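Residue-level listing of the chains:
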Amino acid sequence: MSDALLTGKTPSAMTKTPDSIPAAGWRRLFVGRQGRKLREALLAYLFLTPAFLVVGLFGLFPLVFAAFMSTHRGLNRIPGTFDGLGNYIQAIGDLTYFLGFWGVVILVVLALRAIARSAIEAKEKNSPFWQWAIPGVGFGVMAAATLGWIIRLLPLLLDIPNQMRGANNTPENFRRLLGEALTSPQAMEMMWLMLAGLGIGALGLAVLTRNPNLRRHQGNFAAPFTFATIMLALAGAIGWLTWAELQKNIADSFTNGGGLDIWSQMILISAGFLLLWLSWRLWRSASHRDSMLSVVLRLGGAAALMLGAWVLIAEAPRVIAQGDARWWYSLLATFYYSLGTIPPQLIVALVLAVLLFQEIRGRSFFRVIYFLPYIAPFVGTAAVFKIIFSSRPTAPINSILGFFGIPPLAWINEPAGILNLLTPGVQLPAWSAGPSLALVVIMIYGVWTFFGFNTVIFLAGLGNIPREMYEAAAIDGAGRWPQFRHITLPLLSPTIYFLTLYSVIGTFKAFNHIYVLRTGAALGTTDTASVVIFQTFQRDTRYGYASALAILLLLVIIVLTVVNNRIAERRVHYG
């Protein structure tokens, strides 16, 4: 008797595909080809969960905690008293409103651009797009609610140590207080919103993946909606904080009978930066013109726009003067340090890499020697530099200068700017006199320390350039310099871009050797942004203000990274 007769099924029923097997409830999601993909995706996310937890705990949570602390004020208190954007107002003055307003605009633009680009991609693939809005927005709400849950829970958790002093310091009391914090109304509100977002996102994603009409199309477009939802949530939070601080400032101004020029400052500075952007676009377009008259007109228009932008941005120094002068001078010192170390160390490293790439005797030995300053302990080598560049007349560097008849210099203890030292008869303001001689010593140390690392990276980049290109160029009659200019530099552009980006971020975060080499006699001219943040946190115990300064430094690094990417995107050649 056949299997069909035993089972009571027709042969066509026994040959049904897995997709046609009836399944009840949620089991239907895990059947068939789409079910296999879903199972594989769930398994992959299960294996990635530990990595997500580690990155979230040690990477994202410190950033969230710093942002949370930056909105609180207090001396030697965690978290302190909620103060909104008061710490930012103290640091950069009314420029806070400018950053807040444009921060909201940028976040909204990023959200809309992500949606627009994904919509174009879906149209090119002839794939549905807006159906993915439900799961995407659901997951975005879950991510935003998770952030809100952490921020609402943090004050309650940080207050537990204050309630466990003396006789209350018992495990039972700790468990009770922890349970009360986790089940508090403000935390549970975000918890339910987070679970609702997760449920909507998971259900919407499951329905879409099981839809037979969508199986024929490629592409999962839930991610752009998730990203857009998170960006809009951040924009709403920043906008609310900025508006609340602005309302408080307006009320204080009316109470004190003073004027309020925030709006005019924002309009003027914004218009100035807009003119700078237009000037840059006009300047770039000049290189694509065929007519010399068109090139001259565009360059002249760019120069005129730049002049107008300078006039409008001249309002910025008055705004900056309202902030913390020590913070602004630390940023200026950081810019000086970055400009004084990155170009020299990259140029020296490139020259050494080209020389060490040649077939010369002992090149392995020289590679190790040049790399030693980078692997040597920063504190120890900085202490040696401090002795070499001491202000004593018998210090090594002053002894060398004395041999040539040059009077000894204060070096690491000299607060005067370089331009003031070179032109004794002309005393320039501190902000325009250039870096102090003490900061120049730290720059020399920075170049000495990192050029070996850059040399090794350049050697790796040179090793990836095919030798056949040099041989073909030599056959065509090209000498060493044309080969270097037209082959080496273009093909090394990815390496140069990486080292430039790495160096910019590194110089703005540099701390160890600067802290060792700084002296009180330099009058703070060597205190970079990272040193000021550390002193505000460690010495002054102003944790909220230090967190606000750290967030501002992060914004500066992000802006410089974006600018670096925009400049390099057309100058980096791959292949």
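As the structure is a prediction and not an experimental result, all values here were calculated from the model. (Residues numbered from 1 in each chain as written. Predicted model: local features only at pLDDT ≥ 70, side-chain atom pairs only at ≥ 80, totals over all residues. Heavy atoms only, no water.)

**Some points on the overall build of the protein chain**
For the protein chain, the helix and strand inventory stands at 24 helices and two strands. Out of the 575 residues in the protein chain, the part that is buried amounts to 36%. Restricting the contact set of the protein chain to residue pairs at least 6 apart, pairs at least 24 apart contribute 69%. (Helix = DSSP H or I, 4+ residues; strand = E, 2+ residues; numbered from the N terminus. Buried < 20%, exposed > 50% of the residue type's maximum accessible area, 1.4 Å probe, protein only. Contact = heavy atoms within 4.5 Å.)

**Structural notes on the packing of aromatic side chains**
One pass over the structure, following the stated rule, counts 28 aromatic pairs. Summarising the aromatic geometry, the rings of Phe378 and Phe450 are spaced 5.9 Å apart at their centres and angled 65° between planes, so their arrangement reads as edge-to-face. Taken together, the positions of Phe378 in helix H16 (residues 378-388) and Phe450 in helix H19 (residues 437-463) put the pair 72 residues apart, joining distant regions of the chain. Judged by its relative accessible area of 23%, Phe378 falls in the partly exposed class. Both rings, one in Phe389 and one in Trp411, keep their centres 5.4 Å apart while their planes meet at 70°; by these two values the pair is edge-to-face. Placement of the pair is Phe389 in the loop between H16 and helix H17 (396-403) and Trp411 in the loop between H17 and helix H18 (418-422), with a sequence separation of 22 residues. Here Phe389 falls in the buried class, since its relative accessible area comes to 8%. (Phe/Tyr/Trp six-rings, centres within 6.5 Å; stacked < 30°, edge-to-face > 60°.)

**Here we look at the packing of helix H14 (residues 325-356) against helix H23 (residues 529-538)**
For the pair H14 and H23, interaxial distance at closest approach is 7 Å and the crossing angle is 145°. Along the contact surface, H14 presents Arg326, Trp327, Ser330, Leu331 and Thr334, while H23 presents Ala529, Val532, Ile533, Gln535 and Thr536. (Axes fitted to C-alpha atoms, helices over the stretch in contact; angles between N-to-C directions.)

**Some words on the nonpolar core**
Residues Trp327, Phe458 and Leu549 are the most contacted members of the largest nonpolar core, which totals 41 residues. Put simply, the parts of the chain that give this core at least two residues each are helix H4 (86-92), helix H5 (95-124), H14, H19, helix H21 (480-509), H23 and helix H24 (543-568). Per element, the largest residue contribution to this core is nine residues, and it comes from H14. The contacts of Trp327, once residues within four sequence positions are left out, are Ala91, Ile92, Ala529, Val532, Ile533, Leu549, Leu552 and Leu553. (Core = buried A, V, L, I, M, F, W, Y, C linked by side-chain atoms within 4.5 Å.)

**Re the pattern of salt bridges**
In total, this model carries nine salt bridges according to the counting rule given. A salt bridge links Asp83 to Lys248; the nearest nitrogen and oxygen atoms lie 3.8 Å apart. A residue pair is termed long-range when its members are at least 10 positions apart, and Asp83 in the loop between strand S2 (81-82) and H4 and Lys248 in helix H10 (residues 222-256) qualify at 165 residues. For Asp83, a relative accessible area of 18% gives the class buried. Looking at Lys248, the relative accessible area reads 37%, which means it is partly exposed. In this structure, the salt-bridge partner of Glu172 is Arg175, at a minimum N-O distance of 3.9 Å. Residue Glu172 and its partner Arg175 are located together in helix H7 (residues 171-182), separated by three residues, close to a single helical turn. Linked by salt bridges that have partners in common, Arg73, Asp83, Glu245 and Lys248 make up one network. (Salt bridge = Lys/Arg side-chain N within 4 Å of Asp/Glu carboxyl O.)

**Digging into unusual backbone geometry**
Put simply, Ile78 and Pro79 share a cis peptide bond, and its omega is 0°. Along the chain, Pro79 falls in the loop between strand S1 (72-73) and S2. Its identity is not glycine, yet Asn126 carries a phi of approximately 55°, on the positive side. Tracing the chain through its elements places Asn126 in the loop between H5 and helix H6 (133-158).

**Some words on the side chain of Asn87**
Mapped onto the elements, Asn87 comes out in helix H4. Judged by its relative accessible area of 2%, Asn87 falls in the buried class. Within the local environment of Asn87, its side chain forms a polar contact with the backbone oxygen of Ser70, the two atoms lying 2.9 Å apart. If sequence neighbours within four positions are ignored, Asn87 has contacts with Met69, Ser70, His72, Arg73, Gly544, Tyr545 and Ala548. (Polar contact = N/O pair within 3.5 Å; in protein donor to acceptor, adjacent residues only side chain to side chain.)

**Considerations on helix H8 (residues 185-209)**
The terminal C-alpha atoms of H8, which comprises 25 residues, lie 36 Å apart, in line with the 36 Å expected from a rise of 1.5 Å per residue. Within the span of H8, buried status applies to Ala187, Met190, Met194, Gly197, Gly201, Gly204, Ala206 and Leu208. (Expected span 1.5 Å × (residues − 1).)

**Focus: the side chain of Gln483**
Position of Gln483 among the secondary structure elements: in helix H21. Filtering out sequence-adjacent residues up to four positions away, Gln483 remains in contact with Tyr470, Ala473, Ala474, Ala478 and Thr488.

**Focus on a nonpolar patch on the surface**
A cluster of nonpolar side chains, namely Phe365, Phe366, Val368, Ile369, Leu372 and Ile375, defines an oily patch on the protein surface of about 550 Å² accessible area. Mapping Phe366 onto the fold places it in helix H15 (residues 363-375). (Patch = residues over 30% accessible without salt bridge, like charges linked within 9 Å, V, L, I, M, F, W, Y side chains within 5 Å. Areas by Shrake-Rupley, 256 points an atom, 1.4 Å probe, with all protein chains shown as cover.)

**A look at the environment of Gly300**
Note that Gly300 resides in helix H12 (residues 292-313). Residue classification places Gly300 among the partly exposed residues on the basis of a relative accessible area of 38%. Residues Gly300 and Ser279, spaced 21 residues apart in sequence, show a C-alpha to C-alpha distance of 9.8 Å.

**Quick word on the environment of Phe508**
Mapped onto the elements, Phe508 comes out in helix H21. Residues Phe508 and Thr334, spaced 174 residues apart in sequence, show a C-alpha to C-alpha distance of 6.2 Å. Among residues more than four places away in sequence, those in contact with Phe508 are Thr334, Phe335, Ser338, Leu553, Val556, Ile557 and Leu560.

**Let's talk about the confidence of the model for the protein chain**
Put simply, the protein chain has an average pLDDT of 84, and 88% of its residues get 70 or more. Confidence drops under a pLDDT of 50 for residues 1-25, and excluding neighbours within four residues, the segment shows 16 contacts in the predicted structure. (pLDDT = per-residue confidence, 0-100.)

**Some details on the environment of Ser70**
Mapped onto the secondary structure, Ser70 falls in the loop between helix H3 (32-69) and S1. A sequence separation of 480 residues divides Ser70 from Ala550, and the C-alpha atoms of the two residues are 8.7 Å apart. When near neighbours in sequence (up to four residues on either side) are disregarded, Ser70 contacts Gly84, Asn87, Tyr88, Gly544, Ser547 and Ala548.

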